[in-house]
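Remarks on the overall topology
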Amino acid sequence: MPRISEIEADTLAPEARAIFRRYVTEYGPFENQAKIFAQRPPALRHIMGLLLELADEAVLSKRYLEIALVTVSKINACAYCVAHHGPRMTSQGFDARAFDQLLEDQVPGFDEVDHLVRDFAREVTENFQYMRDAIFERLKQHFSEEQIFELTLRIALCGFFNRVNDALQITMEDGVVEDLEAMGASL
């Protein structure tokens, strides 16, 4: 049970309600998270709206986004995000071994760029103030500066979501853990 009340979509003003509904139907099964963000409709509109707009533009491959988001969520031990993004990671062609061994040196099924994205997510999460230029030079071999910015933004936002989810104890939606277990992985 979350630490604060969940707000239902039908109680929101039309613009916030539209973003809420689109977020939970198009972005993913994050309804309980949206209900908490609905406590502050400007946060719901702008943060969830930003994620929807970024998804619409698809500047960065979902493959790399999911690697980054699951990496950050595993580092931060956010069960809510790990459970939600694990199946999304496998939908990008990875199996449960890659998910389970994501923080190991070598991840089954990962290529050089996948490992680079994972390593960058670790650096932004654990070592952001001491990062070296070398990782950016490696990123620039595979990504545009626009993509590098979005990857950095999404990694930082994921850390933000991890903290909000855990601090407020947002409840896992029905079926999410079962979806993770169905792929052969666990929290």
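The structure presented is a predicted model; accordingly, all values stated were derived computationally and were not measured. (Residues numbered from 1 in each chain as written. Predicted model: local features only at pLDDT ≥ 70, side-chain atom pairs only at ≥ 80, totals over all residues. Heavy atoms only, no water.)

Let's shift gears to the layout of surface pockets. Within this model, the largest pocket holds a volume of roughly 310 Å³. Y27, A55, K62, L65 and R88 are, among the 20 residues lining the largest pocket, the residues nearest its centre. A per-element tally of the lining of the largest pocket places helix α3 (residues 41–57) first, with five residues. In terms of residue class, the lining of the largest pocket is built from ten nonpolar, two polar and eight charged. (1 Å grid on protein atoms, 1.4 Å probe; cavity = no way out; pocket = protein on both sides within 12 Å on 5 of 7 lines; lining within 4 Å. Points joined across faces, edges and corners; volume = space filled by probe spheres on them. Helix = DSSP H or I, 4+ residues; strand = E, 2+ residues; numbered from the N terminus. Nonpolar A, V, L, I, M, F, W, Y, C, P; charged D, E, K, R; others polar.)

Attention shifts here to the packing of α3 against helix α9 (residues 145–167). Relative to each other, α3 and α9 sit at 145 degrees, their axes nearing to 13 Å. α9 is crossed by α3, and the crossing has left-handed handedness. Contact with α3, carried on its side by I47, M48, L50, L51 and L54, involves E150, L153, R154, L157, F160 and F161 of α9 and no other residues of that element. Classifying every residue of the contact of α3 with α9 gives nine nonpolar, no polar and two charged. (Axes fitted to C-alpha atoms, helices over the stretch in contact; angles between N-to-C directions. Left-handed = near helix turned anticlockwise from the far one by under 90°. Contact = heavy atoms within 4.5 Å.)

Moving on: empty space enclosed by the protein. Any space left empty among the atoms is revealed by the rolling of a water-sized probe across them. Enumeration over the complete set of coordinates arrives at one cavity of 30 Å³ or more. Roughly 120 Å³ of internal volume is contained in the largest cavity. As for the largest cavity, its lining consists of Y23, Y27, F30, Q33, L51, L69, C81, H85, R154, L157, C158 and F161. Contributing elements (two or more residues each) for the lining of the largest cavity: α1 (14–27), α5 (79–90) and α9. Element by element, the count of residues in the lining of the largest cavity is highest for α9, at four residues.

This paragraph deals with the state of the cysteines. As enumerated under the stated definition, the model contains zero disulfides in all. Residue C81 stays outside any disulfide, its sulfur separated by 3.7 Å from that of C78, the closest cysteine. A disulfide-free cysteine, C158 has its sulfur positioned 5.1 Å from the sulfur of C81, the nearest such atom. (Disulfide = S-S within 2.5 Å.)

Following the sequence through the fold, E173 ends up in the loop between α9 and α10 (176–182). Among buried charged residues, E173 stands out as having no salt bridge; its nearest opposite-charge side chain is K35, 7.9 Å away. Here H84 takes part through its side chain, which lies 2.7 Å from a polar atom of the side chain of E173. Contact partners of E173, with chain neighbours within four places excluded, come to P29, F30, E31, N32, Q33, Y80 and H84. (Buried < 20%, exposed > 50% of the residue type's maximum accessible area, 1.4 Å probe, protein only. Lys, Arg positive; Asp, Glu negative; His and termini not counted. Salt bridge = Lys/Arg side-chain N within 4 Å of Asp/Glu carboxyl O. Polar contact = N/O pair within 3.5 Å; in protein donor to acceptor, adjacent residues only side chain to side chain.)

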